[in-house]
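Summary of the model geometry
The primary structure of each chain is shown beneath.
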Amino acid sequence: MKVAFIGTGSMGGSMSRNLATAGIDITVFDLNKESLKKPAAAGAKVANSANECVSSADVLITMLPTPQIIESVMINDGVAKAMQANSIWIDMSTSVPETAKLVSTHLDKSIQLIDAPVAGMAVGADKGSLSIFAGGSESAISRVKPIFDCLGDPSKFFYCGEWGTGYAVKLVLNMLWFNQFVASVEALMLGVKAGVDLEVLRKALVGSPCQSIMLERDLMGLLNEGDYDEGFAVALACKDLKLAGDLARNVGVPMEVHATVENIYRRARARYGDKAGEMIPAKLYEDDTNTLLRIK
């Protein structure tokens, strides 16, 4: 099975490297030539163009930052037209069904589509321990399951249902994480300003019905070291929140909590810049109260 992989950034570079390390015949392409070094060092072939990358592939995997870039690569750059008949397109980006539906109008009708976004951040991509949320026909997914097993933890592979459901699960996951993050920061700041030691407060919450992975693990880089997690930029967080809002409007679900959290993220992006980390909204609370959330 020949695999083409387009998008070798912070996630895709490690993912494509893991496929090459597993002995899969893989060709990679990215406009950032520096990002191609990681998979190339593991044995991946490097294409000179996106069309060349996909020209003889049985499977195309895309791992791209935004729906607009997916559309540009697949349609404007001609990748959809260059794909082989009876091949499979696996989009592992955080995207929306509307973009893939648009792309599908440029694909040969024999090409099968799978949406399979991931969770686990760059460290999960590096270790091959990603969670994968796949939507599509069971026959197509069965055909490429060995690929997924190289990229993620098989126990964290979720078949979500018909095509498009993988996208939905990932958008819900991201939205809920951002909601929990903002709510947790707000709660911690309230307790600290009321005179409670931050670590005492955190441990009390972890030992209560409010216990969460967010309080137990995800916030520790911020609380211990002031790490706002620049590995995932606030601009991308805002993109994901917008996509979740778009999905909600499409299916008719009111999202009042989401709307508030999205506004907080937009304010943080405007104040601290696109490249600030996904946890930068905490700094809004810190700056506005002149109080750092740090464990002593």
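Figured I'd write up the structure that's included with this text. (Residues numbered from 1 in each chain as written. Predicted model: local features only at pLDDT ≥ 70, side-chain atom pairs only at ≥ 80, totals over all residues. Heavy atoms only, no water.)

1. Notes on the packing of aromatic side chains
The full count for this structure, using the stated rule, is six aromatic pairs. Aromatic pair Phe 133 and Phe 158: ring centres 5.7 Å apart, planes at 15°, arrangement stacked. Of this pair, Phe 133 sits in strand 8 (residues 130-135) while Phe 158 sits in strand 9 (residues 152-161), and the two are 25 residues apart along the sequence. Owing to a relative accessible area of 39%, Phe 158 belongs among the partly exposed residues under this scheme. Connected via pairs of aromatic rings, a cluster forms that spans Trp 177, Phe 178, Phe 181 and Tyr 265. Its guanidinium or amino end placed over the ring of Phe 157, Lys 145 lies 4.8 Å from that ring's centre, counting from NZ or CZ. (Phe/Tyr/Trp six-rings, centres within 6.5 Å; stacked < 30°, edge-to-face > 60°. Helix = DSSP H or I, 4+ residues; strand = E, 2+ residues; numbered from the N terminus. Buried < 20%, exposed > 50% of the residue type's maximum accessible area, 1.4 Å probe, protein only. Lys NZ or Arg CZ within 6 Å of the ring centre and 35° of its normal.)

2. With respect to helix 4 (residues 67-76)
If you check which residues of helix 4 are buried, you get Pro 67, Ile 70, Val 73, Met 74 and Ile 75. In the segment just after helix 4, Gly 78 is the residue with positive phi, at about 85°.

3. Considering the nonpolar core
Looking at soluble globular proteins, one finds that nonpolar side chains tend to be buried together. Ranked by size, the top nonpolar core spans 34 residues in total, and within it Phe 181, Leu 188, Leu 219, Leu 222, Leu 223, Tyr 265 and Leu 293 carry the most contacts. Listing elements by their share of this core, those giving two or more residues are helix 9 (165-193), helix 10 (198-206), helix 11 (213-218), helix 12 (220-225), helix 13 (234-251), helix 14 (256-272) and helix 15 (281-289). Here this core takes eight residues from helix 9, the largest share from any one element. Leaving out residues up to four positions away in the same chain, Leu 188 has contacts with Leu 198, Leu 201, Arg 202, Leu 205, Leu 215, Leu 219, Leu 223 and Leu 293. Residues Ala 125, Ala 140, Phe 148 and Phe 157 belong to the second largest nonpolar core, which totals 30 residues. (Core = buried A, V, L, I, M, F, W, Y, C linked by side-chain atoms within 4.5 Å. Contact = heavy atoms within 4.5 Å.)

4. Notes on the environment of Ala 134
Structurally, Ala 134 can be placed in strand 8. Taking C-alpha positions, Ala 134 is 17 Å from Pro 67, a pair spaced 67 residues apart along the chain. Setting aside anything within four residues of it in sequence, one finds Ala 134 in contact with Asp 115, Ala 116, Ile 141, Phe 157, Phe 158, Tyr 159, Cys 160, Gly 161, Thr 165 and Gly 166.

5. A few points about the pairing of strand 8
In terms of burial, strand 8 is a largely internal element, six of the six residues being buried. Neither face of strand 8 is open: one carries Leu 130, Ile 132 and Ala 134, the other Ser 131, Phe 133 and Gly 135, and all of them are buried. Note: strand 7 (residues 118-119) against strand 8, two bridges, orientation antiparallel. In the strand pairing of strand 8, Ala 119 is matched with Ser 131. Here strand 8 pairs with strand 9 via five bridges, running parallel. Note on strand 9: the bridge partner recorded for Ile 132 is Phe 157. (Pairing = 2+ DSSP bridges.)

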